[in-house]
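Observations on chain architecture
The chain contents come next:
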Amino acid sequence: MNNAPPAPRQSRLPLARLAFRPFFLLASLFSVLAMVVWFAFWHGDILLRPHGGLMWWHQHEMIFGFGAAVVVGFLLTAVQNWTGRKSISGAPLLALVALWLVARVTLAFPMGLPVWLLILLDVAFLPLAALVMARLVVAAKLWRNLMFVPVLLLLSGANLAMHLGVALGKFELIREGGYLGVLLIATLMVLLGGRVIPFFTSRKLGRPQVQPIAGLEKLTLGSILAIIVLQLLVLLGVAVPAALLAVVMLVAAAASLVRLARWEGHLTLREPLLWGLHISYAFVPIGLFMWAMALFGAFRVELALHALAIGGIAAMMLAMMARVSLGHTGREIRTLPGIGLGLALMFAGALLRSPILAMFPQITHWTYNLSIIFWCIAYLIFLIHYTLPLLSARVDGQEG
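Small disclaimer: the values here were computed from a predicted structure and weren't measured. (Residues numbered from 1 in each chain as written. Predicted model: local features only at pLDDT ≥ 70, side-chain atom pairs only at ≥ 80, totals over all residues. Heavy atoms only, no water.)

Digging into the overall build of the protein chain
Helix and strand counts for the protein chain stand at 14 helices and zero strands. When the elements of the protein chain are put in sequence order from the N terminus, they spell out α-α-α-α-α-α-α-α-α-α-α-α-α-α. Dimensions of the protein chain along its principal axes, counting C-alpha atoms only, are 65 × 55 × 40 Å. Here the protein chain, with 400 residues, has 56% of them falling under the buried criterion. Residue pairs at least 24 apart in sequence account for 78% of intrachain contacts in the protein chain once pairs closer than 6 positions are excluded. Accessible area of the protein chain: about 16600 Å², with a carbon and sulfur share of 71%. (Helix = DSSP H or I, 4+ residues; strand = E, 2+ residues; numbered from the N terminus. Buried < 20%, exposed > 50% of the residue type's maximum accessible area, 1.4 Å probe, protein only. Contact = heavy atoms within 4.5 Å. Areas by Shrake-Rupley, 256 points an atom, 1.4 Å probe, with all protein chains shown as cover.)

What about the nonpolar core?
Residues Phe23, Phe66, Leu288 and Tyr379 are the most contacted members of the largest nonpolar core, which totals 136 residues. Ignoring anything within four residues of it in the chain, the contact list for Phe23 reads Ala69, Val72, Gly73, Leu93, Leu96, Val97, Trp100 and Phe125. (Core = buried A, V, L, I, M, F, W, Y, C linked by side-chain atoms within 4.5 Å.)

Concerning a nonpolar patch on the surface
A grouping of Leu101, Val105, Phe109 and Met111 is seen on the molecular surface, where their side chains present a nonpolar patch of about 400 Å² in accessible area. Among the structural elements, Leu101 can be located in helix H4 (residues 90–108). (Patch = residues over 30% accessible without salt bridge, like charges linked within 9 Å, V, L, I, M, F, W, Y side chains within 5 Å. Salt bridge = Lys/Arg side-chain N within 4 Å of Asp/Glu carboxyl O.)

Side note on the pattern of salt bridges
Close approach of charged atoms allows side chains of opposite charge to pair. Under the criterion given, the structure shown has nine salt bridges. The salt bridge involving Glu176 is made with Arg175; its shortest N-O contact spans 2.8 Å. Take Glu176: its relative accessible area is 9%, and that puts it in the buried class. For Arg175, a relative accessible area of 30% gives the class partly exposed. The salt bridge partner of Arg259 is Glu217, with a shortest N-O separation of 2.9 Å. Within this pair, whereas Arg259 is found in helix H10 (residues 242–261), its partner Glu217 is found in helix H9 (residues 214–235), the two being separated by 42 residues in sequence. The residues Arg259 and Glu217 share a single accessibility class, namely buried.

A short note on the packing of helix H12 (residues 301–327) against helix H13 (residues 339–359)
Orientation of H12 relative to H13, taken along the N-to-C sense of each, is 170°, at an axis distance of 8 Å. Comparing the axis directions of H12 and H13 gives the class roughly antiparallel. For the pair formed by H12 and H13, the contact residues are Glu302, Leu303, Ala304, His306, Ala307, Ile310, Gly311, Ala314, Ala315, Leu318, Ala319 and Ala322 on the first element and Ile339, Gly342, Leu343, Met346, Phe347, Gly349, Ala350, Arg353, Ser354, Leu357 and Ala358 on the second. When grouped by side-chain class, the residues that make up the contact of H12 with H13 number 16 nonpolar, five polar and two charged. (Axes fitted to C-alpha atoms, helices over the stretch in contact; angles between N-to-C directions. Parallel < 35°, antiparallel > 145°, perpendicular 65-115°, else oblique. Nonpolar A, V, L, I, M, F, W, Y, C, P; charged D, E, K, R; others polar.)

Remarks on H9
Compared with the 32 Å implied by 1.5 Å per residue over 22 residues, the 31 Å span of H9 between its first and last C-alpha is a close match. Every buried residue of H9 is listed here: Leu216, Glu217, Thr220, Ser223, Ile224, Ile227, Ile228, Leu230, Gln231 and Leu235. Residues of H9 that are buried sit in contact with helix H7 (148–168), helix H8 (171–205), H10 and helix H11 (272–295). Positive phi shows up at Gly237, right after H9, with a value of about 95°. (Expected span 1.5 Å × (residues − 1).)

Any functional reading would require information that these geometric values do not contain.
Pasting the structure below:
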């Protein structure tokens, strides 16, 4: 019996078939362009005069431009597998992509538009994505996956806080909103990493999957969520003791590290798509540990934030996009040439931009330059390999 979709559906624009296609492609391209602008800025060239200024624009766009797009692309693709129901595609998907793209353009080139319109165009993206996901999860009654919806809504709130910080001239809103955004995306990495990393590892190695320890899972996820609650309170102006937040971060770092150690990452050294996931997850406890040390006055929080943002979030996104983009386009899941190098460069950039810079602050200029260059090379490698597959129909003729 032939279960293939009818021909008219197959002829539809491949880019609009599932959310991972446009968002992975555009987010990767946007990140490279944004890094080129940031590199030029550090060398004294002003290529843009964006809304909020270049410092704000860089912080905001790497979190809510690049990061949010990858998160939405992954979740609105994964929810179809989780629920067995068709996710957003076609014209509605292209409309969501257009909204994201218009926000990127108008924030980079405000063109005299009113601030409220810039905010509306940008902040609307994540709630709409959350609505799409919520409808599918509720319809399938898979309540376990509903937890991603409030995370997306909180991420939207953090985005709004950064915008209000600019509009009201309150630096604290910008800083704390940015911190909350990074921590929320890191939380998604912990949630999703706990599902996919041990599963992918066991499949590739042909070994039984390591079973989670209930107490360890509760401690890991509970401490991560406690960090989010405390950071949200800080954003809302509550005087949370720095020592309390630091202690919770240390607990979360220790629990995440024990969790990771059980996933047999030492057996994945020949498979970059796997060791990339394991090492990127390791940067979550590294970043949280450094953040706790920063709260105790060891160095600037910004250094810890980049350990999470580059080594944890951006590197895991690169590894996940490289894998998902093969599997969901009907291709063999294997490490394409240069992907291992790209992942290694991301980790090198994270080390330079965070722990090494913390130890040797006098080499700031070199660490900034190299981390930016390494990012651009890594994501250009991804674009070279994956642009055509993301723009093309599945090789197996199936829908998706």
